[in-house]
Amino acid sequence: MRTVEDYWEDFEHFGFIKHLKDGRRDYILDEEKGSGGFSILGDTETAVATISDCTLYRPLVIKADNVNERIIELGQYYTGLASYYEKKEKSCEFEYGLNAYVNTFSFYGYKRIEPHVRFINIGFAFREKFFSSLPITLEEDFFERAACVLNPEPIVIPKITAICNSLKECTLEGGALKLYIQGKCLEVFSLLYNYIYKE
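Notes on the structure in this doc start here. If you're wondering where the values come from, they're calculated on a predicted model, not measured in any experiment.

Looking at the overall build of the protein chain
Regarding its fold elements, the protein chain presents five helices and 11 strands. Taken over C-alpha atoms, the radius of gyration comes to 16 Å for the protein chain, in line with the 16 Å a tight globule of 199 residues would show. Projected onto its principal axes, the C-alpha positions of the protein chain cover 45 × 45 × 35 Å. Considering only intrachain contacts with a sequence separation of at least 6, the fraction spanning at least 24 residues in the protein chain is 71%. Accessible surface for the protein chain amounts to roughly 10800 Å². Of this, 52% is attributable to carbon and sulfur atoms. If you average the places of the 23 positive and of the 31 negative side-chain charges in the protein chain, the two averages end up 1 Å apart.

Below, the structure written as structure tokens:
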């Protein structure tokens, strides 16, 4: 069984170099593999914000199977060429805009990012411990309903898009960054929760 941490390690195996700082992890591409990288901001055991801005010199294929943890991911996809698939002949490209995915129990498949196209994505990921720490008790059907509402296609929640846009301007560090990201994660999830039950 793979964990989310195993998934992050796959990026290091590809050629991203990990740099740890208080409140963030930066993964920078080796110069031979491409330029740029991505950052994971916040508490990696509960909820994080992610900022990706990179250009690859060869395709990146990440195996994303058997992650047996309830996770919700969403991201504002600006530029790039990326897809997901279980079998190559049934590949589906990510669409520009706000994409969301609910992993109710486990997922089997692959994610692929194409080379020579600048890839920019800013988003959030909520893990199992985040849901159990909320000041409310989620409905019994929450994850099933969330999957039905969020998984099929891009969604439109302008306030979440605005929050994603604002992350690019954040210059906070250390404890201030942790507090900022924790607040933004709660804000984004509250908007997402409202969207799921308004549908």
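Re the pairing of strand 7 (residues 82-85)
The pairing of strand 7 with strand 10 (residues 110-113) spans four bridges and is antiparallel. Opposite Tyr 84, over in strand 10, you have Lys 111 as the bridge partner.

Here we look at the sheet that holds strand 9 (residues 97-103)
Ordered by their spatial adjacency, seven strands build an open sheet running 1-2-3-4-11-6-9, and the pairing between neighbours is antiparallel. Of all the strands in the sheet, the pair left with one neighbour each is strand 1 (16-21) and strand 9. Between one strand axis and the next, the sheet turns by 15 degrees as a mean value, whatever way the strands run. Sheet analysis places strand 6 (residues 71-79) next to strand 11 (residues 119-126), joined by seven bridges and oriented antiparallel. Paired with Gly 75 across the two strands is Gly 123, which belongs to strand 11. Running at roughly 145 degrees to strand 9, helix 3 (residues 142-150) makes contact with strand 6 and strand 9 of the sheet. Those strands touched by helix 5 (residues 174-198) are strand 2 (24-29), strand 3 (34-43), strand 4 (47-56), strand 6 and strand 11, and its axis lies near 80 degrees from that of strand 11.

Criteria and thresholds
- Residues numbered from 1 in each chain as written.
- Predicted model: local features only at pLDDT ≥ 70, side-chain atom pairs only at ≥ 80, totals over all residues.
- Heavy atoms only, no water.
- Helix = DSSP H or I, 4+ residues; strand = E, 2+ residues; numbered from the N terminus.
- Rg over C-alpha atoms; globule rule 2.2 N^0.38 Å.
- Contact = heavy atoms within 4.5 Å.
- Areas by Shrake-Rupley, 256 points an atom, 1.4 Å probe, with all protein chains shown as cover.
- Lys, Arg positive; Asp, Glu negative; His and termini not counted.
- Charge placed at Lys NZ, Arg CZ, Asp CG, Glu CD.
- Pairing = 2+ DSSP bridges.
- Axes fitted to C-alpha atoms, helices over the stretch in contact; angles between N-to-C directions.

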